[in-house]
Amino acid sequence: MPRSCPCPACQAPRGLPVARAILACWLCVLLFGAVARDAAATPSVTPGRLEVVGNQLHDGAGQPVRLLGVNRAGTEYACAQGWGIFDGPHDADSVAAMRAWGINAVRVPLNEHCWLGLDDVPAKYGGANYQAAIRAWVDTLRAAGLYVILDLHWAGPAGQRADRLRPMPDRDYAPAFWREVATAYAGDGAVLFDLYNEPYPDTNHDTPEAWRCWRDGGACTGLDYQAAGMQELVDIVRGTGATNVILLGGVQYANSLSQYGAYAPHDLTGNLAASWHTYNFAKLPNAAAWDAKVGIPTANVPLVAGELGEDDCGTGFLEQVLPWLDARGASYLGWAWNTWGRCDGPVLITDYDGTPS
């Protein structure tokens, strides 16, 4: 076991159930083991830009990098719900607790209405105030030696609030959102852009219509608004001059990438990677399905599991999926570094000191 692993089975506070402590220790070892195996690729200082080389991410020195980290939720919902920008601490001390787990990346979910300062968001939590808070948070993460993924998580077309996940990004606001975000972070190649959290067009089916909508946008089956397609958003990001790595989540809540090769957008920079979300309750249940609908279609591009987790307080699913990802040299980020106090989030911690859940 790496020395830095805060193993709760060895340091369990009085009253912590032993079985639960052992399971948390197992997950800690699994994560730290992956980090240890990639020690050469894990930066100890503020990392430089990433680029896509074949099916890997490389840093500026030409070394392969696996993103092994966590999602830090809150910045997608607090502002839209009208009570803040962050949910819990977002300071250097809270980042130090993250780093103690050995991670090298944090995914930051964003809300397009909050970023753009639309009328349905309280002014103190939107527009320039929101953007400045996100900039400060990104700067804090980067100063701690972490890569950052900025993710369009919640969106809403004209006349609808950005208060939930919708099937596709909207053409009303998502283009303006990505034009501004890409312009703001074009100079930092250690910041990656995740164009949309979890697409599920064509009423959550893995069909030609779903993939057409995913790539091209416009009028789509199951949507009551015009969608912004992935090609359109890639073009907007590149139009700002930003060459940052772009992540593209597939259909069915980013769980299926079955037609990624056929529908992937064109990008002259080549800096595109596939984003996969997987949980024990997702549609693709096992390694055979992952091979067919994830591994084979994305074999020629980097694979980043932008979200993964298990909501039953067990480890059976993680024991299958993490080795599958490791064998492919893929990246992955657990959901979520939050203290919602339940397994069905799922959450990784019970407090912001980093105690495993």
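Our structure's up above, just so we're on the same page.
This report concerns the structure included in the present document.

We now examine the state of the cysteines. Evaluated as defined, the whole model comprises 3 disulfides. The disulfide partner of Cys 79 is Cys 114, and the gap between their sulfur atoms is 2.0 Å. Disulfide Cys 79-Cys 114: torsion about the S-S bond near 95°, hence right-handed. Note that Cys 79 is positioned in helix H2 (residues 78-81) and Cys 114 in helix H4 (residues 112-116), a separation of 35 residues in sequence. When its relative accessible area of 0% is taken as the criterion, Cys 114 is described as buried. Here Cys 213 pairs with Cys 220 through a disulfide, and the sulfurs are 2.1 Å apart. Disulfide Cys 213 to Cys 220: torsion about the S-S bond roughly 95°, handedness right-handed. On the basis of relative accessibility, which here comes to 1%, the residue Cys 213 falls in the buried class.

What follows concerns helix H3 (residues 92-99). What H3 keeps buried is the set Ser 94, Val 95, Ala 97 and Met 98. Along the long axis of H3, the arc covered by the buried residues comes to 150°, so they all point the same way. In H3, those exposed residues whose orientation departs by more than 90 degrees from the buried face are Ala 92 and Asp 93. Taken together, the buried residues of H3 touch strand S4 (68-71), strand S5 (105-111) and helix H5 (127-143).

Two faces, one strand: in a regular strand the side chains alternate between the faces of the sheet. For strand S6 (residues 147-154), the tally of buried residues reaches 8 of 8 residues, placing the bulk of the element in the interior. The sheet contact formed by S5 and S6 spans 7 bridges and is parallel. When the bridges of S6 are listed, Val 108 appears paired with Leu 150. When S6 meets strand S7 (residues 191-194), the two strands line up parallel, connected through 4 bridges. Paired with Asp 151 across the two strands is Asp 194, which belongs to S7. A crossover links S6 with its parallel partner S7, the connecting element being helix H6 (residues 174-185), and its sense is right-handed.

The next point concerns the packing of H3 against H5. Between H3 and H5, the shortest axis-to-axis distance is 10 Å and the interhelical angle comes to 45°. Judged by the inter-axis angle, H3 sits oblique to H5. Here H3 runs over H5; the crossing is right-handed. For the pair H3 and H5, contact is made by Ala 92, Val 95 and Met 98 and by Trp 137, Thr 140 and Leu 141, respectively.

Take unusual backbone geometry next. Following Trp 335, the chain continues to Ala 336 via a peptide bond in cis, the omega torsion being 0°. Along the chain, Ala 336 falls in the segment after strand S13 (331-334). Unlike most non-glycine residues, Gln 252 shows phi in positive territory, near 55°. As for its placement among the helices and strands, Gln 252 is situated in helix H10 (residues 251-254). On the accessibility criterion, Gln 252 (11% relative accessible area) is buried. Even without being a glycine, Ala 254 presents a positive backbone phi close to 65°. According to the relative accessible area criterion, Ala 254 is buried, its value standing at 0%.

Let us look at the packing of H6 against helix H9 (residues 230-239). Look at H6 against H9: their axes get within 8 Å of each other, and the N-to-C directions meet at 30°. When you trace H6 past H9, the crossing you get is right-handed. Residues Ala 174, Pro 175, Trp 178, Arg 179 and Ala 182 of H6 lie in contact with H9, whose contacting residues are Glu 232, Leu 233, Ile 236 and Val 237. Of the residues contributing to the contact of H6 with H9, the split by class is 7 nonpolar, no polar and 2 charged.

Here the focus is the pattern of salt bridges. Evaluated as defined, the whole model comprises 14 salt bridges. Between Arg 212 and Glu 209 there is a salt bridge, with the nearest N and O atoms lying 3.0 Å from each other. Separated by 3 residues within a single helix, Arg 212 and Glu 209 lie in helix H8 (residues 208-216), roughly one turn from each other. A relative accessible area of 25% means that Arg 212 is categorised as partly exposed. Salt bridges linked by common partners bring Arg 107, Asp 151, Asp 194 and Glu 307 together as one network.

The subject of this paragraph is the sheet that holds S6. Strand order in the closed barrel formed by 8 strands is S4-S5-S6-S7-S10-S11-S12-S13, with parallel pairing between adjacent strands. Put simply, the sheet's adjacent strands are angled 30° from each other on average, direction ignored. Pairing of strand S12 (residues 303-309) with S13, which is carried by 3 bridges, proceeds in the parallel orientation. Residue Ala 305 lies in a different strand from S13, and its bridge partner there is Tyr 332.

Rules and cut-offs
Residues numbered from 1 in each chain as written. Predicted model: local features only at pLDDT ≥ 70, side-chain atom pairs only at ≥ 80, totals over all residues. Heavy atoms only, no water. Disulfide = S-S within 2.5 Å. Helix = DSSP H or I, 4+ residues; strand = E, 2+ residues; numbered from the N terminus. Buried < 20%, exposed > 50% of the residue type's maximum accessible area, 1.4 Å probe, protein only. Arc of directions from axis to C-beta. Contact = heavy atoms within 4.5 Å. Pairing = 2+ DSSP bridges. Right-handed = clockwise from strand over helix to strand, strands pointing away. Axes fitted to C-alpha atoms, helices over the stretch in contact; angles between N-to-C directions. Parallel < 35°, antiparallel > 145°, perpendicular 65-115°, else oblique. Left-handed = near helix turned anticlockwise from the far one by under 90°. Nonpolar A, V, L, I, M, F, W, Y, C, P; charged D, E, K, R; others polar. Salt bridge = Lys/Arg side-chain N within 4 Å of Asp/Glu carboxyl O.

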